[in-house]
Amino acid sequence: QVQLVESGGGLVETGGSLRLSCAASGIIFRINVMCWYRQAPGQQLELVASLTSRGSTNYADSVKGRFTVFRDSAKNTVYLRLDSLKPEDTAVYYCCLDQGQTERYWGQGTQVTVSS
């Protein structure tokens, strides 16, 4: 089993920055993919960014150049830095971990609100 605990959400003005953290504990495979999704009210879940254990990253077009995903392997923690925030970035952000053939774990979510 794996547990993911998120932190770092909050209220920020347009143009501001936040850093989200996702600390993983439990049985974590050496090869895995950490990811961040978000869900705005009335919207579908959207993949924001992903980071493989080999360091490859992938970003949604809407956040490219503004968000950065990175990890501290020693702490089993993945981060999402959000810069140049826009009101449309307002959502609940969830981290996730994919490993093995079928395992996916989710964090509890953290609210990000960007005021205009």
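Located above this text is the structure these notes cover.
Residues numbered from 1 in each chain as written. Predicted model: local features only at pLDDT ≥ 70, side-chain atom pairs only at ≥ 80, totals over all residues. Heavy atoms only, no water.

**Notes on the pairing of strand 1 (residues 2-7)**
Regular strands show a simple pattern: their side chains alternate between the two faces of the sheet.
Moving on, step 1. Here strand 1 shows one buried face, formed by Val 2, Leu 4 and Glu 6, and one open face, formed by Gln 3, Val 5 and Ser 7.
Moving on, step 2. Here strand 1 pairs with strand 3 (residues 18-26) via 6 bridges, running antiparallel. By the bridge assignment for strand 3, Ser 7 is matched with Ser 21. (Buried < 20%, exposed > 50% of the residue type's maximum accessible area, 1.4 Å probe, protein only. Helix = DSSP H or I, 4+ residues; strand = E, 2+ residues; numbered from the N terminus. Pairing = 2+ DSSP bridges.)

**Topic: unusual backbone geometry**
Moving on, step 1. Phi angles above zero are rare outside glycine, and Asn 76 is one such case at about 50°.
Moving on, step 2. Assignment of secondary structure puts Asn 76 in the loop between strand 7 (67-72) and strand 8 (77-82).
Moving on, step 3. At Ser 84, a residue that is not glycine, the phi angle is positive and equals roughly 50°.
Moving on, step 4. You can see Ser 84 is positioned in the loop between strand 8 and strand 9 (91-99).
Moving on, step 5. According to the relative accessible area criterion, Ser 84 is partly exposed, its value standing at 40%.

**A look at the packing of aromatic side chains**
Moving on, step 1. Inspection of the entire model under this criterion finds 3 aromatic pairs.
Moving on, step 2. Between Phe 70 and Tyr 79 the ring centres are 5.1 Å apart and the planes differ by 20°, which places this aromatic pair in the stacked class.
Moving on, step 3. Exposure remark for Phe 70: the relative accessible area of 31% places this residue in the partly exposed category.
Moving on, step 4. On the basis of relative accessible area, Tyr 79 is assigned to the buried category, the value being 10%.
Moving on, step 5. Members of the aromatic cluster, each reached through a chain of ring pairs, are Tyr 37, Tyr 94 and Trp 106. (Phe/Tyr/Trp six-rings, centres within 6.5 Å; stacked < 30°, edge-to-face > 60°.)

**Here we look at the sheet that holds strand 3**
Moving on, step 1. With antiparallel pairing, 4 strands are arranged side by side in an open sheet as 1-3-8-7. Each edge of the open sheet carries a strand with a single partner, namely strand 1 and strand 7. Within this sheet the neighbouring strands show an average axis-to-axis angle of 20°, counted without direction.
Moving on, step 2. As judged from the 6 bridges shared by strand 3 and strand 8, these two strands associate in the antiparallel manner. Bridge pairing in strand 8 links Ala 23 to Thr 77. (Axes fitted to C-alpha atoms, helices over the stretch in contact; angles between N-to-C directions.)

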